[in-house]
Amino acid sequence: MHDTFYLNEQHFAVREMVSAFARDEVAPVASQHDADQSFPWANVKRMGELGLLGIPWSEDVGGAGFDTLSFIIAIEELARVCASHAITISAHTTLGTSPIVNFGTESQKARYVPLLASGRVLGGFGLTEPGAGSDAGGTRTTAVKKGDHYLINGSKRFITHGGVGEIFVITAVTEPGAGTKGISSFIMTKETSDPAAAAAHGFGHDNSLTPMRGFRSGKKEDKLGWRASDTCELIFEDVEVPVENLLGPEGKGFTNFMRTLDAGRIGIAALSIGLAQGALDQSVQYAATRKQFGKSIAEFQGIHFSLADIATGLEAGRHLVYHAAWLAQNGHPYTKEAAMAKLFCSELAMRATIAAVQVHGGYGYTRDYPVERMMRDAKIGEIGEGTSEIQRIVIARQIFKDLVRI
Ligand SMILES: Cc1cc2nc3c(=O)[nH]c(=O)nc-3n(C[C@H](O)[C@H](O)[C@H](O)COP(=O)(O)OP(=O)(O)OC[C@H]3O[C@@H](n4cnc5c(N)ncnc54)[C@H](O)[C@@H]3O)c2cc1C
């Protein structure tokens, strides 16, 4: 696509900087972190130093002061090489930090955003529960007001940074029986599950945060993909959360989290575009060197057709993602566009990575090439932050809403 339609000099500079970091520092270790299922502490520290953990937040709160398009370009370039690194900046920024930036009081913002935006500690977002996935309104975690604090009990499942992170925004029911209007959100703090790694790397823990008694991480998930991203259960047992940690008004937790997910979906769409582009890069490179029947497989029309379809999808997908990001950064509604971008790009990433394994033949099915990791990493794009079925429901709801307006 003709990138200059959406992108300016600053965006190109971000792309170049992140692309060099991804090539020189992420690519050499991505496969090992995937095999070990280990969190890439050293590279995440470096991402903080490069400003990648606070791209869209203003400099006075420790951010880089850039726009949403810069943020999604950074995600795209990281995912081209390693989706786990990409989801770390996406989840930390859109899910862990943006609710506090968007819905927090001045004192909540001053207290938590600088720690998150500078990459001093990692943040996360706790919505999903064992019985509340697609149906986020089915939240069972409770918050009972007792004077100057809420008593929180329950658990959350599949939380990105649930182990390594220290600052979380979570949902809990404050008014049972009131449905989604009875759900509120809270800022909660715990200690990282790996204090030794945090001490060794000089980030990931901050002494100024008070770990809340009874709040801890539980089981770490053993996953198909995104294996270098930390996904854990969160457990709340009689946690006393001060009233000043209520985020937004009581009863607004559900609607605020839905808004947060709109932003998160642009991040997943950008991650998926990066993955699809990475799969195409690998396929073109491999096809040019692999010889069968006395010639390069890049000369076979069957290979051309497969890769032409992916390249066409990438062009269309980039328009969807950049357009949704442009709407977001210019203050326009973008719920439908974010859902469309996530739906289209995550399904494209799945097709592109399957095609890449096919182009690599038997070699693509081994860990000697990155395409098998990319294929495993692509699948979660169709599940996390709302499954593809839920995206279709969101899009359809917006279409009918628009029709009713007419
Ligand atoms: C690696 C990873 C990271 C994650 N990170 C986070 C995080 O940081 N924070 C967080 O809160 N959550 C997180 N999640 C949770 C994720 O958002 C949920 O897994 C997802 O929303 C789906 O919920 P579920 O797993 O309960 O599936 P379910 O809701 O049980 O869905 C099962 C199937 O039923 C379908 N289905 C459900 N309802 C409908 C319907 N009305 N119409 C048609 N089909 C339907 C779904 O599309 C799906 O195919 C993460 C998950 C993973 C795996």
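Calculation notes
Residues numbered from 1 in each chain as written. Predicted model: local features only at pLDDT ≥ 70, side-chain atom pairs only at ≥ 80, totals over all residues. Helix = DSSP H or I, 4+ residues; strand = E, 2+ residues; numbered from the N terminus. Rg over C-alpha atoms; globule rule 2.2 N^0.38 Å. Buried ≥ 20, exposed ≤ 12 C-beta atoms within 10 Å, placed from the backbone. Near = placed C-beta within 6 Å. Domains from an automatic or database assignment. Contact = placed C-beta atoms within 7 Å. Nonpolar A, V, L, I, M, F, W, Y, C, P; charged D, E, K, R; others polar. Pairing = 2+ DSSP bridges. Arc of directions from axis to C-beta. Axes fitted to C-alpha atoms, helices over the stretch in contact; angles between N-to-C directions. Expected span 1.5 Å × (residues − 1). Core = buried A, V, L, I, M, F, W, Y, C linked by C-beta atoms within 7 Å. Parallel < 35°, antiparallel > 145°, perpendicular 65-115°, else oblique. Left-handed = near helix turned anticlockwise from the far one by under 90°.

**Focus on the overall build of the protein**
A count of helical and extended segments in the protein gives 11 helices and 10 strands. Compactness check: the protein gives a C-alpha radius of gyration of 21 Å against a globular reference of 22 Å for 406 residues, within 12% of the reference. The dimensions of the protein, computed from C-alpha atoms along their principal axes, are 80 × 60 × 40 Å. Expressed as a percentage of its 406 residues, the buried residues of the protein come to 54%.

**Side note on the site of the ligand**
What surrounds the ligand is a group of 23 residues, the closest being Leu127, Thr128, Gly133, Ser134 and Thr387. Both domains that meet at the shell around the ligand, namely domain 2 (123-253) and domain 3 (255-405), each give it at least three residues.

**Comments concerning the domain arrangement of the protein**
One can read the domain layout of the protein as domain 1 (3-117), domain 2 (123-253) and domain 3 (255-405). Taken together, the 23 residues of domain 1 in the interface contact 25 residues of domain 3. For the side of domain 1 that touches domain 3, the secondary structure elements donating two or more residues are α1 (9-36), α3 (68-79) and α4 (83-103). Per-element accounting of the side of domain 1 that touches domain 3 gives the leading share, nine residues, to α4. Across the side of domain 1 that touches domain 3, the residue classes tally to 13 nonpolar, five polar and five charged.

**Quick look at the environment of Val121**
Here Val121 lies in the loop between α5 (106-117) and β1 (123-126). The class of Val121 is buried, set by 27 C-beta atoms lying within 10 Å. Taking the C-alpha atoms as reference, Val121 lies 11 Å from Trp41; in sequence the two are 80 residues apart. Apart from residues lying up to four places away in sequence, Val121 is in contact with Leu115, Leu116, Glu166, Ile167, Gly204, His205, Asp206 and Leu209.

**Quick look at the pairing of β1**
Side chains Gly123 and Phe125 of β1 all project onto a buried face; the interleaved residues Gly124 and Gly126 project onto the opposite face, where all are buried too. Strand direction decides the pairing type here: β1 and strand β4 (residues 167-173), joined by four bridges, are parallel. Bridging from a neighbouring strand, Gly126 pairs with Ile170 of β4.

**What about helix α2 (residues 41-49)?**
Those residues of α2 that sit buried are Asn43, Val44, Met47 and Gly48. Down the axis of α2, the buried side of the element spans an arc of 150 degrees, and every buried residue falls inside it. Those residues of α2 hidden inside the fold are in contact with α1 and α4. Of the residues one or two after α2, Gly51 is the one with positive phi, at around 85 degrees.

**With respect to the packing of α3 against helix α8 (residues 301-329)**
The geometry of α3 relative to α8 is characterised by a closest axis approach of 8 Å and an angle of 145 degrees between their N-to-C directions. Across the interface between the two elements, Thr68, Leu69 and Ile72 of α3 pack against Val321, Tyr322, Ala325, Trp326, Ala328 and Gln329 of α8. Residues belonging to the contact of α3 with α8 are distributed by class as follows: seven nonpolar, two polar and no charged.

**Details of helix α7 (residues 253-289)**
Given a rise of 1.5 Å per residue, 37 residues ought to cover 54 Å, and the 54 Å separating the end C-alpha atoms of α7 matches this to within 8%. In terms of residue burial, α7 counts as a mostly covered element, since 29 of its 37 residues are buried.

**Observations regarding the nonpolar core**
Core analysis: the biggest nonpolar cluster contains 120 residues, and Leu78, Phe186, Ile266 and Val321 have the highest contact counts within it. Setting aside chain neighbours within four positions, we find Val321 in contact with Ile72, Ile266, Ala269, Ala270, Ile273, Ala341 and Cys345.

**Concerning the packing of α7 against helix α10 (residues 371-379)**
At a minimum axis separation of 10 Å, α7 and α10 run at an interaxial angle of 160 degrees. Between α7 and α10, the crossing angle belongs to the class labelled roughly antiparallel. The interaxial crossing formed by α7 with α10 has left-handed handedness. Here α7 contributes Leu275, Gly278, Ala279 and Gln282 to the contact with α10, which in turn contributes Val371, Met374, Asp377 and Ala378. When its residues are assigned to classes, the contact of α7 with α10 shows five nonpolar, two polar and one charged.

**Points about the environment of Gly204**
Positionally, Gly204 belongs in the loop between α6 (195-201) and β6 (215-220). Overall, Gly204 belongs to the buried group, with 27 C-beta atoms counted inside 10 Å. In this view, Gly204 contacts Val121, Leu122, Val164, Thr192, Ala197 and Ala198; residues no more than four positions away in its chain are not counted.

**What about unusual backbone geometry?**
With phi around 55 degrees, Gln37 is a residue other than glycine that occupies positive phi space. Among the structural elements, Gln37 can be located in the loop between α1 and α2. When the 17 C-beta atoms within 10 Å are taken as the criterion, Gln37 is described as partly exposed. For Glu385, which is not a glycine, the phi torsion comes out positive at approximately 55 degrees. The topology assignment puts Glu385 in the loop between α10 and α11 (388-405). On the neighbour-count criterion, Glu385 (30 C-beta atoms within 10 Å) is buried.

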